[in-house]
Amino acid sequence: MRDYTQIFLGTAFTSKSPTEVQILKNNLFFVNADGMIDKIIAPEHSEYQNLVSSYKGKENFHQLEDHQYFLPGFVDLHVHAPQWAQAGTALDIPLNDWLNTYTFPIESRFADLDFANKVYNDVVSTLLANGTTTVLYFATVHKEASILLAQICAEKGQRGLVGKVVMDNPEENPDFYRDTDTNTALADTEEFILAVKELGETSKQGVYPVVTPRFIPSCTDEALQGLGNLAAKYNTHIQSHCSESDWEHKYVQDRFQKNDAFALNDFGLLSDKSVMAHCNFISDEDADLFVETGTAIAHCPISNAYFANSVIPIAHFHSKGVEIGLGTDISGGFSPSLYDNIKQSVISSRMLEDGVNTKLPADERGVPGSRVTVKEAFYLATVGGGDSLSLPIGRLAENYIWDVQVIDTTNLPLYDSNHDLQDAFQKMMYLIRPENIREVWVQGEKVHSRG
């Protein structure tokens with residue numbers, strides 16, 4: 001019998017499709033030394049009982065208790081790691097004011113590696129404790145601090161995709177916080193890419209460099225083109241903000257006479273490894289370009305409520321075939337939990353569908369067909385995120401990576417021992433807090449445990 005690194009026994013929930021959650025009741029999960037799920041055996045399999053008897057009691061056999069369940073690790077497609085230091089601050093002012101008054105001053109402090117080390121250790125640990133196993137991070141303009149964030153991800157076992165932010169446009173960035181010049185921004189980015197690629201070679205779960213123009217207003221044309229060239233040269237992931245707010249969307253139209261999506265594509269910044277945050281104001285033509293290039297949307301529903309001036313029609317874009325995942329957008333979003341963003345994505349979609357202006361008749365108030373269910377939002381937080389990053393994560397299925405949360409439902413209102421598991425799933429989505437997340441595993445390694 002093959003000697004598997006880890007064997008797990010328990011009931012798991014995983015998305016089979018955007019509208020269907022598959023329940024794998026009391027299944028055996030066999031995880032190899034690379035952290036991949038080699039095979040899954042259900043109780044009705046002829047060898048099931050023999051396999052349980054053979055492995056039970058061994059050190060590498062892990063059996064859940066009756067009130068515990070497996071969920072896939074969450075994939076957060078949009079986190080500003082340095083902004084963890086300002087989380088929950090000044091969410092009631094316009095985006096441009098918020099950036100210049102609070103965000104840029106905080107991010108400028110990351111030239112101090114001691115400060116960066118403190119914040120980055122805390123945000124990575126906090127996200128792991130919230131069940132987030134993979135994160136697409138914006139760092140700052142500082143090369144050394146950005147490499148440090150990747151190192152901390154590697155050490156703590158989180159799959160981190162990290163970007164050194166590029167902000168070289170002197171007209172749109174403050175004097176105290178921007179790249180020295182375009183050549184320096186591109187040279188630092190290339191050195192950052194090489195350093196993180198080397199680090200990733202010794203990290204089991206993988207860490208990845210990401211080409212990261214903050215957003216079009218922050219960058220000169222030369223920087224945007226240079227970043228597109230670097231992404232192609234090193235086949236890296238790409239991230240930026242796209243058509244987020246009224247101000248940013250109009251700025252790009254005035255500068256290029258086109259929307260963000262087409263402007264970014266002109267510079268080689270849309271690909272099947274690209275993730276664009278927010279995208280509240282993209283058109284159907286922009287969405288078609290995303291489908292054509294394989295570009296994904298990072299949907300950040302809590303942050304959008306504060307800064308995006310709109311509700312993005314996620315159901316519509318999903319129906320067109322755009323890849324979509326969820327993001328917390330720390331700290332435009334106050335919460336580090338994708339559970340909170342799952343809930344908000346459902347709430348926001350209902351408000352879009354039903355409308356909010358009671359002075360209008362009910363049949364004129366909203367946008368029909370906009371509703372997103374909790375099952376669909378769970379899909380975005382798991383499968384959607386994995387597909388957006390072109391990585392085999394987000395599903396509990398054979399040939400996918402064993403990234404999981406072990407959920408304890410002891411303090412949830414599940415009073416009937418024979419409760420319906422679909423109902424239990426919905427309760428978990430709405431009621432789970434960090435204290436319910438007992439363990440987190442990434443690439444077959446336990447990286448977080450709550451006593």
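Computed from a prediction, not measured in an experiment: that's the story for all the values here.

## Comments concerning the overall build of the protein chain
Consideration 1: When helices and strands are tallied, the protein chain shows 15 helices and 17 strands.
Consideration 2: Over its C-alpha trace the protein chain gives a radius of gyration of 22 Å, about what one expects of a compact globule, namely 22 Å for 451 residues.
Consideration 3: When each of the 451 residues of the protein chain is scored for burial, the buried share is 59%.
Consideration 4: Taking as baseline every contact in the protein chain between residues at least 6 positions apart, the subset at least 24 positions apart corresponds to 72%.

## Things to note about the layout of surface pockets
Consideration 1: Taken as a whole, the largest pocket holds about 430 Å³ of empty space.
Consideration 2: At the level of secondary structure, the elements contributing two or more residues to the lining of the largest pocket comprise β1 (6-17), β2 (20-31) and β5 (68-72).
Consideration 3: Of the residues forming the lining of the largest pocket, the biggest block, three residues, is contributed by β1.
Consideration 4: Here the residues of the lining of the largest pocket sort into seven nonpolar, eleven polar and four charged.
Consideration 5: What the second largest pocket holds in volume is close to 190 Å³.

## Section: the pattern of salt bridges
Note that side chains of opposite charge can pair when their charged atoms are close.
Consideration 1: Applying the stated criterion across every chain, the model contains 16 salt bridges.
Consideration 2: Between K143 and E191 there is a salt bridge whose closest N-O contact spans 2.3 Å. On the criterion of sequence distance, the pair formed by K143 in helix α4 (residues 143-156) and E191 in helix α5 (residues 182-200) is long-range, its members being 48 residues apart.
Consideration 3: Taking the shortest distance from any N to any O, the salt bridge between D340 and K343 comes out at 3.2 Å. Of this pair, D340 and K343 both sit in helix α12 (residues 338-354), three residues apart, roughly one helical turn. Each member of the pair, D340 together with K343, is buried.
Consideration 4: What emerges from the salt-bridge pattern is a single network uniting D340, K343 and R433.

## Things to note about the nonpolar core
Consideration 1: Counting 92 residues, the largest nonpolar core has Y120, Y137, L149, F290, I297 and M429 as the members making the most contacts within it.
Consideration 2: Here this core gets eight residues from one element, more than from any other, and that element is helix α3 (residues 113-129).
Consideration 3: Each residue touching Y120, except ones within four places of it in the same chain, is listed here: A81, P82, F110, A139, T140, A145, L149 and I152.
Consideration 4: Grouped together as the second largest cluster of nonpolar side chains are 14 residues, F8, A12, L64 and F70 included.

## Notes on the side chain of S345
Consideration 1: By the element assignment, S345 lies in helix α12.
Consideration 2: A residue is classified by how much of its surface remains accessible, and S345, at 3% relative accessible area, is buried.
Consideration 3: Engagement of the side chain of S345 in a polar contact is seen with the backbone oxygen of I342, the distance being 2.7 Å.
Consideration 4: Residues contacting S345, with those up to four places away along its chain left out, are H299, P301, L326, V372 and A377.

## A short note on a nonpolar patch on the surface
Consideration 1: Taken together, the side chains of I347, M351 and V356 present a nonpolar region at the surface, about 290 Å² in accessible area.
Consideration 2: Among the secondary structure elements, V356 is positioned in the loop between α12 and α13 (362-365).

## Observations concerning helix α7 (residues 246-256)
Consideration 1: By the burial criterion, the buried members of α7 are E248, H249, Y251, V252 and F256. In a view along the axis of α7, the buried residues occupy a sector of 160 degrees, so they form one face of it.
Consideration 2: The elements touched by buried residues of α7 are α6 (221-234), β11 (237-242) and α8 (260-266).
Consideration 3: Where α7 terminates, the next one or two residues include Q257, which has phi positive at roughly 60 degrees.

## A few points about the packing of aromatic side chains
Consideration 1: Within this structure, the stated rule accounts for 19 aromatic pairs.
Consideration 2: For the ring pair F215 and W247, a centre distance of 6.1 Å and an interplane angle of 45 degrees mean the geometry is tilted. Taken together, the residues span a long stretch of sequence, with F215 in the loop between β10 (207-213) and α6 and W247 in helix α7 at a distance of 32 residues.
Consideration 3: When its relative accessible area of 6% is taken as the criterion, F215 is described as buried.
Consideration 4: Owing to a relative accessible area of 31%, W247 belongs among the partly exposed residues under this scheme.
Consideration 5: Through a chain of ring-to-ring contacts, the aromatic side chains of F8, F29, F70, W402 and W441 assemble into a single cluster.
Consideration 6: The ring of F30 has K39 sitting right over it, with the charged end atom 4.9 Å from the ring centre.
Consideration 7: The ring of F115 carries R109 above its face, with NZ or CZ at 3.9 Å from the centroid.

Procedures and definitions
- Residues numbered from 1 in each chain as written.
- Predicted model: local features only at pLDDT ≥ 70, side-chain atom pairs only at ≥ 80, totals over all residues.
- Heavy atoms only, no water.
- Helix = DSSP H or I, 4+ residues; strand = E, 2+ residues; numbered from the N terminus.
- Rg over C-alpha atoms; globule rule 2.2 N^0.38 Å.
- Buried < 20%, exposed > 50% of the residue type's maximum accessible area, 1.4 Å probe, protein only.
- Contact = heavy atoms within 4.5 Å.
- 1 Å grid on protein atoms, 1.4 Å probe; cavity = no way out; pocket = protein on both sides within 12 Å on 5 of 7 lines; lining within 4 Å.
- Points joined across faces, edges and corners; volume = space filled by probe spheres on them.
- Nonpolar A, V, L, I, M, F, W, Y, C, P; charged D, E, K, R; others polar.
- Salt bridge = Lys/Arg side-chain N within 4 Å of Asp/Glu carboxyl O.
- Core = buried A, V, L, I, M, F, W, Y, C linked by side-chain atoms within 4.5 Å.
- Polar contact = N/O pair within 3.5 Å; in protein donor to acceptor, adjacent residues only side chain to side chain.
- Patch = residues over 30% accessible without salt bridge, like charges linked within 9 Å, V, L, I, M, F, W, Y side chains within 5 Å.
- Areas by Shrake-Rupley, 256 points an atom, 1.4 Å probe, with all protein chains shown as cover.
- Arc of directions from axis to C-beta.
- Phe/Tyr/Trp six-rings, centres within 6.5 Å; stacked < 30°, edge-to-face > 60°.
- Lys NZ or Arg CZ within 6 Å of the ring centre and 35° of its normal.

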